[in-house]
Amino acid sequence: AGSSPKVAVLVRRDPRVKRYQDTRVVLNHEAVRDAISSALPGWSIEEFSDHSSVPDVKTTCSLFHRASMILGPHGAALSNLICARKGTPVIEFQQRQYAWDFELLSVKLELPYFAVSTDMEHYGPGSVDVENLRHAVLEATRPANASKTLLDTTCVATSDPSLPVLNKRSILAETTGSGAQVKVWRAGAAGTLMVTCKGQVLNNTSPLVGSHSSLQWNGCDFDGGTCNWQSGISHVSQSKYCLLGDPVPCVEHGPGPEEPAGPLETIVVLTQPQWGAYYHFLIDALSRVFWLHAQHPAVLVDPKAFFHLGMMNEVGQAWARLAGIQTTSDGANRLLDGYWTARTVYFPPGNECANTMRGAEPFVISRMRTAVVSAAWAPSGPSLPPAGAAPKQALLVRRDPRVPRYKEARVILNHDSVVSKLEELLPGWEVVVFSDYPQPPDPVTTCQMFSRADMILGPHGAGLSNLICARKGTPVVEFQQWPHSGDFELLSLKLGLPYRGISTKMEHYGPGRVDLKRLQTAVLCSLKQVAGLAQGQDIPGAQTLSFAAPPAVPPQKQPEGQSSSAVSAGEPPPQHGNPPAHTTETAQGGSPEVAPATSPPPEQAAAAPAVHAAGQGEVESADWQEDGSEDEERTGLLRV
């Protein structure tokens, strides 16, 4: 210990070694080495390479044991961490489809773990972002982090090592181009399209999205689950529901594949796999409607348009209204589940499965918070407490053991001790418990509670989905399940919420306890973010979007020339990509029908606001786009 110079071991998968598809070869190896050298002046950089021959076992173990830092791509060589000294920082160049092997090993060996995201597939080469790498190296050498695990003992921006601050650039990158466009399919003269209970669109039996289709799908797999309404594990409606219309169409239960309902004129598909589960409904599915707000706002108020959302109860209805969908369960329902047919289907870009370590699209997540918080604190309702209001609130999510659930999944067994500890650590604060017993608060109340909170804590589970309403800068402390799942870490990052994770032995299907010493560390570190966060500030989008409380019954289509957008005139539609024109595809095969971009009428052109696209500077000109259909209002998309 203390020998000079310090040694940084850089693992190299050499491209001269024959391997399948250059598996996890770092293409910019020399730039990586230079970045490490510049960040570690006076250190010796020693490569552990598999070219010519791998060092023998004794030499390998000695090298990893001498190292003061170890870096390298996901792969076999990092297995030699078994020889590293306790407290030696590890920086893994992660493959794109993240695997936990070496993070788990590092935690067990008490090696501070850091990660740098890359574009490497498991079977393929890739490059390391050298700026992120340099940041990781500097973070790993900080004295405060020496001989500590990042899991729950240091005040860093994120205390879970799986998704450190270093991943921000890739996780927060917004989709652009054709991948950011709402897909529109129209059936032929005598045909219809089918939407399944899982949100997959079929033309006859051929999928238009997902497996064996031309449209890439990064969401969770369509293969799982059941659409049988009689199944005890199905989320499909088991009771009768009716739709807005004259005559009123009704179904006795969520329609199945053998008895699809319809056809309807228009269906907007928001449902994604794991439909009906609260997190997947709220974050994966409902957020997709904000692509429609940006590109096809007229559809939102078209009484002939229905929304396949996968949750039909009043919770689903209320959240849909907060998101700008005009629907009620008593006479003006516009939500669907199960199998339905339609003549036109709108398919907004899907949200990636959180297992890809990216999750929902940042573009829709940020806009969803703006909309639902604005609607929850609508002028007709209660007001958000003024800036500096006292007392500050710590909101503690509770999965109550009195609620029947499978194997007491993620119930905190020492809940009362957690409450007492919070009261001890936060004198003058109010500790508010958000409980699901006997049932959770309604969505409007829920959103108000989360947007009012100055700190939010709770176990991994549905309750943390309501972070969508939290103010930017509000610290989040998650009681992590084992193994940790990144859903709420990803969501916190996209919402600008400082995140800390407390590791527990709680399995996904099982209860657990929170270590009170770790809780103390997390809370005291979180207080640094609370300092200066004024109550009532940072309600996102307060001056850019205005979503009024939706009427109980959808209005009829507005007269020609009037705007039907749910977005206020002060907010130009977001800029995503620069397509030459709006594209519509027929479901009978053949080439897409492309409507040329057109200019707006003079009075509309004069009123068109200047648009600023993030990271793209000043706008030189803007084009007006419209759908090709003759009866579509001119509500198109302003683009750079």
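All values derive from a computational prediction rather than experimental measurement.

(A) Seen up close, the environment of Gln-448. Here Gln-448 shows up in helix H12 (residues 443-452). With 71 residues separating them along the chain, Gln-448 and Trp-377 place their C-alpha atoms 7.1 Å apart.

(B) Region of interest: the sheet that holds strand S1 (residues 7-12). Here we have five strands laid out as an open sheet, ordered S2-S1-S3-S4-S5, and parallel in their pairing. Among the strands making up the open sheet, the edge pair consists of strand S2 (44-49) and strand S5 (113-117). Each strand axis lies, on average, 20 degrees off the axis of its neighbour in the sheet, ignoring direction. Pairing of strand S4 (residues 90-94) with S5, which is carried by five bridges, proceeds in the parallel orientation. Bridge pairing in S5 links Ile-91 to Phe-114. Packed on one face of the sheet, helix H4 (residues 130-140) meets strand S3 (69-73), S4 and S5 and runs near 170 degrees to S5.

(C) Structural context of the sheet that holds strand S19 (residues 476-480). Strand order in the open sheet formed by five strands is S17-S16-S18-S19-S20, and the pairing between neighbours is parallel. Of all the strands in the sheet, the pair left with one neighbour each is strand S17 (430-435) and strand S20 (499-503). Mean inter-strand twist for the sheet, computed between neighbouring axes without regard to direction, equals 20 degrees. Strand direction decides the pairing type here: strand S16 (residues 393-398) and strand S18 (residues 455-459), joined by three bridges, are parallel. By the bridge assignment, Leu-396 is partnered in S18 with Leu-457. Along the sheet face, helix H11 (residues 415-425) touches S16, S17, S18 and S19 and points at about 170 degrees away from the line of S16. Across the face of the sheet, H12 comes into contact with S16, S17 and S18 while running at roughly 145 degrees to S17.

(D) Representation of the packing of helix H10 (residues 362-376) against H12 within the structure. Close contact between H10 and H12 brings their axes to 9 Å; oriented N to C, the two are set at 110 degrees. Relative to H12, H10 is oriented roughly perpendicular. Counting all contacts with H10, which are made through Val-372, Val-373 and Ala-376, the residues of H12 involved are Val-444, Cys-447, Gln-448 and Ser-451. Partitioned by chemical class, the residues of the contact of H10 with H12 number five nonpolar, two polar and no charged.

Cut-off values and rules
- Residues numbered from 1 in each chain as written.
- Predicted model: local features only at pLDDT ≥ 70, side-chain atom pairs only at ≥ 80, totals over all residues.
- Heavy atoms only, no water.
- Helix = DSSP H or I, 4+ residues; strand = E, 2+ residues; numbered from the N terminus.
- Pairing = 2+ DSSP bridges.
- Axes fitted to C-alpha atoms, helices over the stretch in contact; angles between N-to-C directions.
- Contact = heavy atoms within 4.5 Å.
- Parallel < 35°, antiparallel > 145°, perpendicular 65-115°, else oblique.
- Nonpolar A, V, L, I, M, F, W, Y, C, P; charged D, E, K, R; others polar.

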